[in-house]
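Take a look at the letters that make up each chain.
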Amino acid sequence: MVMQYRKASLDTLPSEILENILIVVVAIGDAESVAAVASTCKALFNTVYRATDKHLWRSFFCITFDDPRILHWCAPNDYDWRTNFQDRVRSRRFVVHHAKPIRILDRRGKPHFKDIYTLDELPNGDQIAQMRALRALSSVISTAAPAGHHAEFSRTTVARTDRSGTSRLVDLVQLHHQTPVWPPEVPQTPPSLNIPWLQETLANGYPSTLTAKLSLKSADSGWDASQEGLAMGALISHLGFLPMPSTGPGEIGAPVSHSTRFRRRARRSSDSAGLVDMSEQAQWNRALWLARERVFDINYLSPRRSWGPYLPVRLHAALAEGELGETSAGDSDDDSDPDYVPDGDPARDIHVPPAGQLFPDWSWLAAARIVASRVLRAHYSLEIIRKLETWENLREGTWSILEKPSDAANDACTSRNQANEVNHLGREAEQTASVVAERDWAGVEGVWRRLVCWLDYHDLLSVNQELISCDDPDLDEAWTIVPLSLRITGYSPSPVADFADRPTIHVEGEMGGAWWQGDVDAETEDIRRVHGTVSMLPDGHVRWSITSMKNENTEDEWASEAVQLGGIGSAMGSLGMWSGLSRDVDDPLGVIWQWRVG
């Protein structure tokens with residue numbers, strides 16, 4: 001008698017075994033094979049794409065990325081595992097394909113390697129994929145697993161109570177000598193899957209066409225304000241500028257835009273045959289020149305931006321809708337200048353939009369990151385700089401107190417994840433604020449270091465009057481790193497109703513001034529009193545608004561506005577701008593980057 005055996009195939013396996021096989025395939029980095037398997041027959045297609053529950057796609061996601069449900073601040077209630085996993089896999093394929101070593105020259109002067117497009121060569125269809133990739137990469141950053149808490153370094157006391165019962169700040173010089181300059185290493189428990197994935201995906205940098213817009217300069221002057229430009233700016237703000245790597249015997253090789261504007265700005269490149277120097281140093285230099293143009297533009301300061309690195313709000317539309325309250329008689333429209341405010345108008349600040357309408361200007365912040373990074377690279381080794389710039393520092397929770405939110409806070413999270421309802425500040429927000437008021441949810445209270453960058457005032461005016469260009473070899477940023485101590489003095493309801501579980505934190509403290517030396521004798525030091533608030537922006541980022549006083553500590557002098565990089569309480573700190581509080585037309589401005597050290 002002849003026995004007949006049925007030919008074995010995947011669709012004959014029990015569903016549990018088949019799913020485990022697919023999960024292993026994803027775990028070894030071959031996620032695209034899942035789609036190939038699903039296309040072989042209807043049964044496998046149904047197993048992959050038509051399952052009645054989400055456990056298979058959740059397993060795919062969680063074996064590759066950090067589980068977003070463990071985020072401390074409003075983890076998603078109904079996460080779309082399949083869509084987010086597929087978007088990230090497609091985005092990685094797109095980035096790896098479009099981020100390759102640049103075209104160079106062989107010894108005979110002929111191009112033998114071409115993997116960078118000219119700025120006009122990107123197919124229209126790819127622009128959609130490009131935008132999807134940028135958003136997916138930002139999602140990977142924002143959902144990285146919380147880091148371990150800096151319990152040891154958090155014990156630094158910034159205020160003590162004297163015998164009379166009065167709380168007083170600890171001497172800033174003492175705190176300066178008790179704490180390191182750079183952030184302590186982030187505790188690696190638990191480890192993050194998102195950070196290594198980002199490192200592998202961006203091993204050759206960002207898509208070449210996007211990097212080219214920063215290191216070659218797009219002829220489209222409006223790109224910075226486009227959705228793509230802002231999304232790219234958000235990545236650079238968080239991850240830094242990544243020059244395109246090159247291979248081969250030479251350094252010259254990328255095709256150059258033929259715009260007159262670019263040729264003028266790239267005149268220092270090796271451009272004798274339509275090609276430009278694309279060494280990493282040359283790319284950094286051009287990125288710095290373009291960043292300077294944006295960062296040190298005194299016309300950038302505007303009440304529509306709330307005098308900070310935020311997207312401009314249409315003030316006249318807001319005024320018409322009655323969102324800004326009463327206005328003075330001098331608030332008539334000026335068609336030639338939407339930011340026009342009469343000199344000496346006592347109601348200047350009435351023109352500032354409410355906090356609930358502010359969103360980060362990631363293009364400006366990206367330029368600030370480039371300027372700050374170049375200043376650090378000019379004076380410190382890469383080993384030192386990595387203590388601040390390591391991507392592990394983007395994870396939430398390093399400095400914040402991550403206690404589980406109360407029921408009221410959870411209710412706020414639930415209403416945020418449900419949606420499209422517009423809640424207004426009121427009694428419920430105040431009750432929620434009072435419930436969570438004892439928590440330092442943003443990791444504010446402690447000792448910080450602040451990097452401050454600026455141009456000499458004469459240079460600043462010369463750049464803005466186009467008397468000198470931003471690629472002038474004699475142009476250089478002045479800078480200093482000063483200590484900053486902050487303590488919490490109170491709370492008020494969040495300006496964004498969707499974040500009622502995170503009340504505005506009011507702070508005060510001390511900061512080293514422009515003449516700070518770090519001497520032991522506090523009597524001779526330039527120490528400024530500071531005060532301000534830490535609050536939420538509508539898109540979920542944290543806003544830092546700090547004002548410092550003159551060295552006599554009799555009146556306010558400088559204002560700073562910054563946005564937290566990474567998750568709440570991240571070790572990366574906040575990046576932003578400083579400017580004069582008087583809001584004069586020719587007020588100086590510059591870059592700040594502050595990070596907590598104790």
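This report concerns the structure included in the present document. Sequence order sets the numbering: in each chain, residues are counted from 1 along the sequence as written. Given that the model is predicted, a residue must reach a pLDDT of at least 70 before its local features are reported, and side-chain atom pairs must reach 80 or more before they are shown or counted; all residues, however, enter totals for whole chains, interfaces and linings. Processing note: side-chain calculations cover all non-hydrogen atoms of the structure and skip hydrogens and water entirely.

Segments assigned H or I by DSSP are reported as helices when at least four residues long, segments assigned E as strands when at least two residues long, and all are numbered from the N terminus. Secondary structure assignment for the protein yields 18 helices and 14 strands. Working definition: with a 1.4 Å probe on protein chains only, accessible area under 20% of the residue-type maximum means buried, over 50% means exposed, and in between means partly exposed. Put simply, the protein has 598 residues, and 52% of those count as buried. Contacts between residues were defined by any pair of non-hydrogen atoms, one from each residue, lying within 4.5 Å. For the protein, the share of sequence-separated contacts (at least 6 apart) that also reach a separation of at least 24 residues comes to 71%. Using a 1.4 Å probe, the Shrake-Rupley method yields the accessible areas, and only the shown protein chains count as cover for residues. Total accessible area on the protein is roughly 28100 Å²; 49% of this is exposed by carbon and sulfur atoms.

Time to look at helix 10 (residues 227-239). The end-to-end C-alpha distance of helix 10, which contains 13 residues, comes to 18 Å, matching closely the 18 Å that a straight helix rising 1.5 Å per residue would cover. For helix 10, a buried count of 12 out of 13 residues is recorded, marking the element as mostly surrounded by other parts of the structure. For helix 10, the set of buried residues is Glu-228, Gly-229, Leu-230, Ala-231, Met-232, Gly-233, Ala-234, Leu-235, Ile-236, Ser-237, His-238 and Leu-239. Just downstream of helix 10 lies Gly-240, where phi reads positive at about 95°. Each helix should span, by expectation, one fewer than its residue count multiplied by 1.5 Å.

Next up on the list: a nonpolar patch on the surface. Only residues above 30% relative accessible area that lack a salt bridge enter a patch, with like-charged residues linked at up to 9 Å and the nonpolar side chains Val, Leu, Ile, Met, Phe, Trp and Tyr linked at up to 5 Å. Put simply, a salt bridge is a Lys or Arg side-chain nitrogen that is within 4 Å of an Asp or Glu carboxyl oxygen. A surface patch of nonpolar side chains, about 290 Å² in accessible area, is lined by Leu-10, Leu-13, Ile-17 and Ile-21. Within the secondary structure, Ile-21 sits in helix 1 (residues 15-27).

In the structure shown here, the tally under the stated rule is 19 salt bridges. With its nearest N and O atoms 3.1 Å apart, the salt bridge here joins Glu-389 to Arg-377. Here the residue Glu-389 occupies a position in helix 15 (residues 382-389), and Arg-377 occupies one in helix 14 (residues 362-379), the gap between them amounting to 12 residues. Judged by its relative accessible area of 11%, Glu-389 is buried. Classification of Arg-377 as partly exposed rests on a relative accessible area of 29%. Across the pair Glu-392 and Arg-395 runs a salt bridge, and its minimum N-O distance is 2.9 Å. Comparing Glu-392 with Arg-395, the two get one shared label, buried. Connected through salt bridges with shared partners, the residues Asp-224, Arg-294, Arg-305 and Asp-361 form a single ionic network.

Here the focus is the side chain of Arg-596. For Arg-596, the position within the fold is in strand 14 (residues 589-596). For the charge count, each Lys or Arg is scored as positive and each Asp or Glu as negative, with His and the chain ends excluded. Comment: no salt bridge for buried Arg-596; closest opposite-charge side chain is Asp-440, at 4.5 Å. A polar contact of 2.8 Å, which involves the side chain of Arg-596, links it to the backbone oxygen of Glu-445. We call two N or O atoms a polar contact when they sit within 3.5 Å, provided that within protein one can donate a hydrogen and the other can accept it, with sequence-adjacent residues counted only if both atoms are side-chain atoms. Looking at Arg-596, its side chain comes within polar contact range of the main-chain oxygen of Gly-598, at 2.9 Å.

Below, the discussion takes up the pairing of strand 14. Side-chain direction in a regular strand flips from residue to residue, so the side chains alternate between the two faces of the sheet. Among the eight residues in strand 14, eight count as buried, and that is most of the element. Here strand 14 shows two buried faces, one formed by Leu-589, Val-591, Trp-593 and Trp-595 and the other by Gly-590, Ile-592, Gln-594 and Arg-596. Whether two strands pair depends on DSSP finding at least two bridges between them. Taken together, the six bridges between strand 7 (residues 446-454) and strand 14 define a ladder with antiparallel strand orientation. Bridged to Val-452 within strand 14 is Ile-592. By the bridge criterion, six bridges tie strand 13 (residues 574-580) to strand 14 in an arrangement that is antiparallel. By the bridge assignment, Leu-575 is partnered in strand 14 with Trp-593.

Describing two packed helices takes the angle between their axes plus the distance from one axis to the other. To get an axis, a line is fitted to the C-alpha atoms, and for a helix only the part in contact is used. The angle between two axes follows their N-to-C directions and goes from 0 to 180 degrees. Where helix 1 meets helix 4 (residues 55-62), the axes come as close as 9 Å, and the angle between the chain directions of the two elements is 25°. What the angle tells us is that helix 1 and helix 4 run roughly parallel. Helix 1 and helix 4 meet at a crossing whose hand is right-handed. Along the contact surface, helix 1 presents Glu-19, Leu-22, Ile-23 and Val-26, while helix 4 presents His-55, Leu-56, Ser-59 and Phe-60. Three classes are used, and their members are as follows: Ala, Val, Leu, Ile, Met, Phe, Trp, Tyr, Cys and Pro are nonpolar, Asp, Glu, Lys and Arg are charged, and the others, Gly among them, are polar. A breakdown of the residues in the contact of helix 1 with helix 4 according to their chemical character gives five nonpolar, two polar and one charged. By definition in this entry, angles of less than 35 degrees are roughly parallel, angles greater than 145 are roughly antiparallel, angles of 65 to 115 are roughly perpendicular, and the rest are oblique. If you view the pair so one helix is near and one far, a crossing is left-handed when the near helix is turned anticlockwise from the far one by less than a right angle, and right-handed when it is turned clockwise.

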